[in-house]
Amino acid sequence: MTQVEAIAKYAVRASFEDLSAESRAQLPIHILDSLGCSIAALGAGPVEACREQVAEFGGSGPSALIGGGKASPIYAAFWHTVLVRYVDFMDNILAQTETAHTADNFGVALTIADYVGGSGRDLMLALALGYTVQSRFVDHANFMTRGFDHTTQLAFSHNAAAGRLLGLSEQQISHAMAMAGVSDASFAVVRAKPLSQWKGLASAQSALGAMNALFLARRGVQGPLQVIEGPLGIDHLLGMRINIDWDKEGYEGVVGSTIKKYNSMIHTQAAVHCMVELARQNKIDPTKVVSIEALVFQLAYDFAGGGLYGVDKVIRTKEQADHSLPYLLAVALLDGDVMPAQFDPERIIKPDVQALLKKVQVWPNHEFTELYPGKMPAKIIVHLQHGRVIEHEIQGYPGLASSPFTWEDAVQKFDTLVAGRIDNSLSGEIKNAVHSVENIRVRDLMNLLGHVRQASAVGRVPINLATSTVTATAD
C-alpha cells in the first residue's frame, strides 16, 4: 500500500465519534478564528483581484461565497482559502525545522461541507482530517528545508478532507492526492525576501489545483499512486523516506495547532508579545532609544530576522512588514500592539517606525532553539540614552498549543478583526452559529456569511459574483 492509499483509507474510516472531547472543544475556536481572518481580508487589493478572477471564471453556482454570490466549488474553495490566508493571522502547526498554516485547510472544508449539504459535525470532521494530515507531514518530513513550501502538503490534506465529505472511495481519494501531489508542489522561495503578494495567495492556488484533481478523480481519472515513494517521487526529492503509520493515527491535529495573538508571522509571536509586555510595563520614549536587541530561536531568525530567508532592507508593504522582526518590534513598542491597523500602508511608512526599525538587531539564541517548539522563548533588550537598559524575557505567549485560546479569547480576536466590517447583530449571529456548530447545517452558516460585505473604507464597490459583473474601483 502506498502512502496516498494509506491516507485515503485513513480518511474514509474517519467519523465524528473519533474526535476527542478536546478536539471538539477546540474546533469551534479555530473555526471562529478562521472566519475572523476571512472577514478581515475582504477589500484588500490582491484579494479584490482574486474576487474579480472568481467573478469572471468561477461560474454562478452552486457554492455560496463569503461576501455574497456563488461559484463552482473549485473556485469557491480558492476564494475561501484566499480569505483565510491573506491577512496572515490564522493558526499554525509548529515543528523543530518545519511549519505550516493549518487553517489553509479551512476554505476547502467549508466549501465542500456546504456543497454536500453537510452538518456542522461534517465540517468539524473535515477540519480534523485536514489539520491532522498536514500536521503529520510537518512532523515526519523536511519539505521546507529541502526547498519546498509548506503549501505542498495541502495536496494530501485538502483531498483527504474533501474526499471524505464527498463520500468518495479510497481509490478515488488516492488518485486525487496523487494527481495534486505530483502537479501542485510549490517552492519555499515564496517565503524568501523580498516578499511578494503571492506569499498570501499560494495556498489558494493549492486549493484550486487540489479540488480540480479531486473532481476529476470522482469522474474516474487516475494519477501516479507512487507519488511519494516511487522513482523520482517526493521521497527522492526530500532525501528521506516518509513512512507515516496512518493506521495508528487519530484525528487530533487541531489540538497541536497554535493560534496567533498578533498579526505577524507565527515565529515572531513570542518576540512581539515580549515587546508588548515590556512597553506596557515601562514608560519608554521612543526618541530616546539607542538600539533594540532581540534574542530568538533559530526559525524566528531565519524567517523574520535576516537568516536563511534573507532580509527586506526596505519595508513598504504589508507582506514585507509582517515578516520583518525589526518592523514588528518597532511598531509594537510605538503602538503597544500588532494588529491589522499596524499594516495600513500609511502606518508602515511613517517616519517614527521607519526610524526605529533601523535600530533593531536580531540574534539567534542556541538555548532558545533547543526549547522550541515546546516553548517559544524570546528576550528583548532596549538600550536607551544615558546608558539605561531595559530587558524582558518570556517563554511563550497566549495561543501556543500548551496555552490554547479559550472561546472568550477567540471572541475577543474575532470582534477586533470584524469591527467596522459587520454590524453587531450579524456578528452575534455568526458567533452563536459557530459556538453551536455541532448542531447546525453549514448552509445556515454560509447564509450568514453571505451577508458580510467589505468595509466601506477600502474605497471599492463589492463585485456582484452572482452575475459576474466587475465594478470599477474608486481609487
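Along each chain, residues carry numbers from 1 onward, in the same order as the chain's sequence is written. With the structure being a predicted model, the display of local features is reserved for residues of pLDDT at least 70 and the display and counting of side-chain atom pairs for 80 or more, all residues being used for whole-chain, interface and lining totals. The basis for every side-chain value is the complete set of non-hydrogen atoms in the structure, without hydrogens or water.

A word on the overall build of the chain
A run of H or I in DSSP becomes a helix once it reaches four residues, and a run of E becomes a strand once it reaches two; helices and strands are each numbered from the N terminus. A tally of regular secondary structure across the chain gives 20 helices and eight strands. In this description the radius of gyration comes from C-alpha coordinates, and the expected globular size is given by 2.2 Å times residues to the power 0.38. Taking 2.2 N^0.38 as the reference for a compact globule, 475 residues should give roughly 23 Å; the C-alpha atoms of the chain span a radius of gyration of 22 Å, in line with that estimate. For the chain, the spread of C-alpha atoms along the principal axes amounts to about 75 × 50 × 40 Å. Per-residue burial over the chain gives 61% buried out of 475 residues. For this analysis, residues touch if any pair of their heavy atoms sits within 4.5 Å. Long-range contacts, defined as pairs at least 24 residues apart, comprise 76% of the intrachain contacts of the chain with a sequence gap of at least 6. Side-chain charges in the chain split into 39 positive and 48 negative, and the spacing between the mean points of these groups amounts to 3 Å. With a 1.4 Å probe rolled over the protein chains alone, any residue whose accessible area is under 20% of its type maximum counts as buried; one over 50% counts as exposed, and the rest are partly exposed. The charged-residue count follows a simple rule in which Lys and Arg add positive charge and Asp and Glu add negative charge, with His and chain termini not counted at all. Note that the charge is assigned to NZ on lysines, CZ on arginines, CG on aspartates and CD on glutamates.

Concerning the pairing of strand E7 (residues 378-384)
With five of its seven residues buried, E7 lies for the most part within the structure. Direction of pairing for strand E5 (residues 289-296) relative to E7: antiparallel, over a ladder of seven bridges. Opposite Ala 294, over in E7, you have Ile 380 as the bridge partner. Here the rule is simple: two strands pair whenever DSSP picks up at least two bridges between them. Bridge count between E7 and strand E8 (residues 389-394): six bridges; the pairing is antiparallel. Across the sheet, His 383 pairs through a bridge with Val 389, a residue of E8.

A few points about the packing of helix H5 (residues 106-115) against helix H7 (residues 154-166)
The N-to-C vectors of H5 and H7 enclose an angle of 10 degrees; their axes lie 9 Å apart at closest approach. Considering the angle they form, H5 stands roughly parallel to H7. The chirality of how H5 crosses H7 is right-handed. Here Val 108, Ala 109, Ile 112, Ala 113 and Tyr 115 of H5 come into contact with H7, specifically with His 158, Ala 162, Leu 165 and Leu 166. Three classes are used: nonpolar for Ala, Val, Leu, Ile, Met, Phe, Trp, Tyr, Cys and Pro, charged for Asp, Glu, Lys and Arg, and polar for all others, with Gly counted as polar. Residue composition of the contact of H5 with H7, by class: eight nonpolar, one polar and no charged. Here an angle of 0 to 180 degrees is reported between the N-to-C directions of two axes, which are lines fitted to C-alpha atoms, with helices fitted over the stretch in contact. Here roughly perpendicular refers to angles of 65 to 115 degrees, roughly parallel to angles under 35, roughly antiparallel to angles over 145, and oblique to all remaining angles. Handedness of a helix crossing follows the sense of rotation of the near helix relative to the far helix, less than a right angle counterclockwise being left-handed and clockwise being right-handed.

Considering the packing of aromatic side chains
Aromatic rings from Phe, Tyr and Trp, with only the six-membered ring used for Trp, were paired whenever their centres fell within 6.5 Å, and each pair was classed as stacked if the ring planes differed by under 30 degrees, edge-to-face if by over 60, and tilted otherwise. The full count for this structure, using the stated rule, is eleven aromatic pairs. Aromatic pair Phe 137 and Trp 246: ring centres 6.3 Å apart, planes at 50 degrees, arrangement tilted. Separated by 109 residues along the polypeptide, Phe 137 in helix H6 (residues 120-140) and Trp 246 in the loop between helix H10 (234-238) and helix H11 (269-281) bring together distant segments of the chain. Each of the two residues, Phe 137 as well as Trp 246, counts as buried. An aromatic cluster is present here, built from Tyr 10, Phe 137, Phe 143, Phe 156, Trp 246 and Tyr 251 joined pairwise through their rings. A ring has a charge above it when a Lys NZ or an Arg CZ is no more than 6 Å from the ring centre and no more than 35 degrees off the ring normal. Taking NZ or CZ as reference, Lys 318 lies 5.2 Å from the ring centre of Tyr 86, over its face. Its guanidinium or amino end placed over the ring of Phe 89, Lys 413 lies 4.0 Å from that ring's centre, counting from NZ or CZ.

Some remarks on the sheet that holds E8
Strands sit in the order E6-E5-E7-E8 across an open sheet of four strands; the sheet is mixed. Edge positions in the sheet fall to strand E6 (360-364) and E8, since each of these pairs with one other strand and no more. The sheet shows a mean angle of 15 degrees between the axes of neighbouring strands, taken without regard to direction. Strand direction decides the pairing type here: E5 and E6, joined by five bridges, are parallel. For Leu 295, the partnering residue across the bridge sits in E6 and is Trp 363. Along the sheet, H11 contacts E5, E7 and E8; its crossing angle with E8, the most-contacted strand, is approximately 135 degrees.

Notes on the packing of helix H18 (residues 407-418) against helix H19 (residues 424-435)
Two numbers describe how H18 lies on H19: the axes approach to 12 Å, and their chain directions differ by 150 degrees. By the criterion of interaxial angle, the relationship of H18 to H19 is roughly antiparallel. When you trace H18 past H19, the crossing you get is right-handed. For the pair H18 and H19, the contacting residues are Trp 407, Val 411, Phe 414, Asp 415 and Val 418 in the first and Ser 427, Ile 430, Lys 431, Val 434 and His 435 in the second. Partitioning the contact of H18 with H19 into residue classes produces six nonpolar, two polar and two charged.

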